[in-house]
Structures are given as structure tokens and as C-alpha cells.
Amino acid sequence: MKPICLLGLLLAAACSEPTAPTCATLTCDPLATCSEASGVARCTCPASYSDPAGDGSVCADIDECAAGTHSCDAHATCTNSTGAFSCACAAGYTGTGLSCAPCTSCAAGTHETGACSATVDRVCSACTSCAATEYESGACTATSDRVCSACSSIAHCAAAPTCTSAGDQQCASCDASYYVVDGAADSCAACSVGCPSGQYQSAACAATSNRVCSGCTAIAHCATTPTCSSASDQQCAACAASYYLVDGVSDSCAACSGMCPSGKYQSAACGATSDRVCSTCSVCSGATFQAAACTPTSDTVCTACPAHCTSCTDSSTCSACEAGYFGATCQNLRADCYDILTHGGTPGNGIYSVDPDGAGGVSGMQVYCDMTNGGWTELNDQDVALGYLPAATWLAGVNTTAPNGGQWGILNRLSLFASSGGVFELRLTFGQTESASVQWKQSADPLSGAGGTLSNVVMSPTNQVGCSAFLGLAQRGAFAALDGDTLGCWWFAVGAAQSYSPTSGIPAFADSTTGQLVTDRARLWVRKNGP
């Protein structure tokens, strides 16, 4: 066909016969596919696209969802897309979209651990179980697991606590020195520390109970609170007055015994732990004497006799002495100066103690000893410078001065100085220097009034006489305690009562050489058991 120009247009070129189209000459939609077959080229739209121009120049999308040409499951949602569509399972269903099934439900004891989606089914897992030391603080649901929380701790619990809630923790056993206090919520309480004074532990602290303390059994008359470690061993520290403690497994307080009976005395008072002890009264014996009688509260007081007494009546009077001792005080004194001298005594002149009667009743005495001339004991010493005394005074003993002091004498003890054979050995010295003397032995005691028989007479000067021959000493008149001449004549005077007349002094002796001698001092000596 020739081209025809439209009105108003000019034909610029002459019309020619058209050529066959090729894929190179065709204008296809970008989505279209060009193909040539039998010399003919053609544009074809892809599936899911329409070809409104019929030549593939334009390809238009087909909406299968709207057209209802999709293949989605009835429980799926169709979604159109350029050149295609997609299917997605609706809520509560899962699958490919082309095929949808209801979502799986979690069974009892399980919970959802993965949500159900259009493409993935719901995932269910077993509910968690709480451990023994936990409790369920949140229940297991279809959508959430069980929540377990740790049981609350219990102070001093020796094991992990168990519980079923936040407030019911339980303890199987407590630490040492604690016990379980059972309750809705257990606790561990400290065991009490020991029992106080006056109580004992009747039950020990145990797993579920505290120590039990019970009161000690009372003790009658105990002055203190009893202590004990059991129900039967109560102890008392001290009993009341008039009671004493009887120590034992179980103490008791016993009443003190009454006062001691006659013939006995309290040798031990009732004390804290012992009864009164009564003992038989002592009887003084041996070298003791009774100083105080036995009483209900005290024994006989026996006091030792003076030294060397084997028996005595009091503290100063001995009735018997040990061998070698004598006198009322059992002194170890010699009989006289001669005894001292011949038994190792000092040979010096001076004052000594003697006891002429030994174990007799006369006590020892101090005397002057003339050891130089053979151990003579002075019996009387008269110095006229100190005066004259009555004869009776001289006979009774004089101690105006010390022995050998000029006015001293023990003529009252003269009889004690007799020898073992009853003989008296005597000596008279005259003058301050004792230059004249007479020495003899006589068989009679001068105090008896007679001289008896004389022997061993030695005179210096010799041939001393008075009115007649020397007759020894005796009590013969009132002019002197003793004299040595016949009655009516006054010579050899001892203890002169007055001065001789007409010459002043003590009448001593007369002899053919000196005549009458009146001296200013006369001394009488004795030797008890001389040679």
C-alpha cells in the first residue's frame, strides 16, 4: 500500500514496499523476550505479565491476588509483587503459604521457648524444676518458664537450707554449739553457756533443743547455795553455825556434838569439816606438875618441873631430882667449898653457890670460899667496925653485907655441914689479916650446946686457951652466938653480942706468948668432908 499524506502535509518521499521486521528493528518491553521464527521477529512478555499492545512492546504486571489466580492456602495471605505473588500463613498458622497448618500449642509442663511464625512452628520446652535449695518464685506458664529463687540463708546452719517459699526455710542441722529451732522458718539458736551456780545440766544441748539446767538438791543447814554436776552430787561450801560439813558424793551438814562430859575435854572444836573431839583429860606424870585442872573446854595443863626435877609440886619446888642434882630446885651444886675444889672447881677465893644438904629441902646458897687454904666455907664473919648484933640475930643468919663483907653469917645452916660421919670440921680466924687461927674437928653440933669430943686441933699461935683448955664451939651464953670456953668464961667468940671489957673487941684467945687476944674481926669456917 502506498502511503497517503495527511491533509496539509507534503509527501517528501515516494512510498515504497515495507521490509520484514527483525529483533533488531523491533522495540520490545524491557521485560519482553524477542524471538525470530520463520523469518518473523516477535516480542513476547513473560508470564505474570499481560501484553496490552499485542506486540510485546509493553508488558504490564498481572495482579494474581486480585484476579484470584493465585495458589495460596486458604489460611494464607496473598501478596502481589511485580511479576509474581507470595503467600504467607495467617496468624495462628504456619507453613509455606501454599500450605498452612495451625500453630502447635504447648502441653502442660512445657512452655514456649520459640514463638509460632508464618513459616516456623511454635517451640515448647519442659518447665524447669527448682532445686532442693530453691523455691518457685514464678509459676511455669504456656509462655514463660518456672522462676526458682534461692532459699534464704540461716545463720549457723550447718547444711544448705531447703524451702518451698520465701519464708519457710528449713535447716537440717546447725553448727556446733547451736540447735535447730523448728518453725515456719527455722533458725539456729546458740546453746546456753553452762548452768549458773546452784544448778546442774540435766540435759545437754542437742540437735533440736537447748541445754536444760535444773536446781541442785537443797542441803539442810547449808549456809551457801549448793553446787552440783548432777542430781545426786550436791556440794556445800560451808554449813550454818553449830553444824559441820560431811564431805561426800553428796555433802550434808551434821550437827556438832554437845559439850564434853566430865573427865574429858574438847581437844578439837567443831570446825568447818569436823565434829567436836572430846579426849580423856591428861594426868600429869613424870617430871611435870598440874598447873591447871581439866575443864570441858581445856585439858589438864601439865607444866614441866624445873630442870633436873623428876617430880615436883609446883614450878619452884622439886620433890625428887635426877642423879647428881639435889635441893628444892634440883641444882647441880656441890655441898661446900671443899667439894667444889676437889671436883675440878676454880682454886680462886670468892663467892660460890653451894647446897650442903643436897637433895634435902634447903635450897642452895651463896657463900665465900677460901680455896687458898684448902676449900673452907665461911659460916660467919663479924667486923666490929660494923657493930655488934644480939646472939639470937647471929644464930638466925645475917646478911647485912655480902659473904665475907664483915657482917654476914649462916649459923642457922651450920648443922647441914656435918660430915657423912656426923663430925664437924671447923676453923676460926682472927684479925683483918687472919694471922691467928685455930682448926679442929668436934663430934657434936655446936648448935646443940655441946662441943663433944675434939680431935685434930691445930693452933696458930700454939697453946691457945681461954679460962681453961679449948673445948670446941657451942652455944654457951648470951655474950655470943657461939663460944669456945666453959660457961662463965668468954673466949673464942663467934657472933659477939657486945664488946669485950675492959679491952674493946671480940674475945679471941689467951696464950703464953701473946696473952689475951681481943680482935677486931672473927671469921668461922667449915669443911664438910675434908681430908
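Look above for the structure.
Residues numbered from 1 in each chain as written. Predicted model: local features only at pLDDT ≥ 70, side-chain atom pairs only at ≥ 80, totals over all residues. Heavy atoms only, no water.

1. Side note on the overall build of the chain
Line of reasoning, step 1. Within the chain one finds 3 helices and 37 strands.
Line of reasoning, step 2. For the chain, the C-alpha radius of gyration of 80 Å lies well beyond 24 Å, the compact-globule estimate for 531 residues.
Line of reasoning, step 3. With respect to the three principal axes, the spread of C-alpha positions in the chain is 250 × 65 × 40 Å.
Line of reasoning, step 4. Expressed as a percentage of the 531 residues in the chain, the buried residues total 34%.
Line of reasoning, step 5. Long-range contacts, defined here as pairs at least 24 residues apart, represent 34% of the contacts in the chain between residues at least 6 apart.
Line of reasoning, step 6. For the chain, the centre of its 16 positive side-chain charges and the centre of its 40 negative side-chain charges are spaced 24 Å apart. (Helix = DSSP H or I, 4+ residues; strand = E, 2+ residues; numbered from the N terminus. Rg over C-alpha atoms; globule rule 2.2 N^0.38 Å. Buried < 20%, exposed > 50% of the residue type's maximum accessible area, 1.4 Å probe, protein only. Contact = heavy atoms within 4.5 Å. Lys, Arg positive; Asp, Glu negative; His and termini not counted. Charge placed at Lys NZ, Arg CZ, Asp CG, Glu CD.)

2. Here's the deal with the state of the cysteines
Line of reasoning, step 1. Scanning the entire structure with this criterion turns up 26 disulfides.
Line of reasoning, step 2. Sulfur-sulfur distance for the disulfide between Cys 106 and Cys 124 comes to 1.9 Å. Disulfide Cys 106 to Cys 124: torsion about the S-S bond roughly -95 degrees, handedness left-handed. One end of the pair, Cys 106, is in the loop between strand S8 (100-102) and strand S9 (110-114); the other, Cys 124, is in strand S10 (residues 123-126), with 18 residues separating them in the sequence.
Line of reasoning, step 3. A residue is classified by how much of its surface remains accessible, and Cys 106, at 19% relative accessible area, is buried. (Disulfide = S-S within 2.5 Å.)

3. Points about the pattern of salt bridges
Line of reasoning, step 1. All told, the structure shown has 9 salt bridges when counted by the stated rule.
Line of reasoning, step 2. Where Arg 521 meets Asp 381, a salt bridge forms, and the shortest distance between an N and an O atom there is 2.7 Å. Taken together, the positions of Arg 521 in strand S37 (residues 521-527) and Asp 381 in strand S27 (residues 376-383) put the pair 140 residues apart, joining distant regions of the chain. Just as Arg 521 is buried, Asp 381 falls in that class too.
Line of reasoning, step 3. Within this structure, Glu 378, Asp 381, Glu 434, Arg 521 and Arg 523 form a network of salt bridges that share partners. (Salt bridge = Lys/Arg side-chain N within 4 Å of Asp/Glu carboxyl O.)

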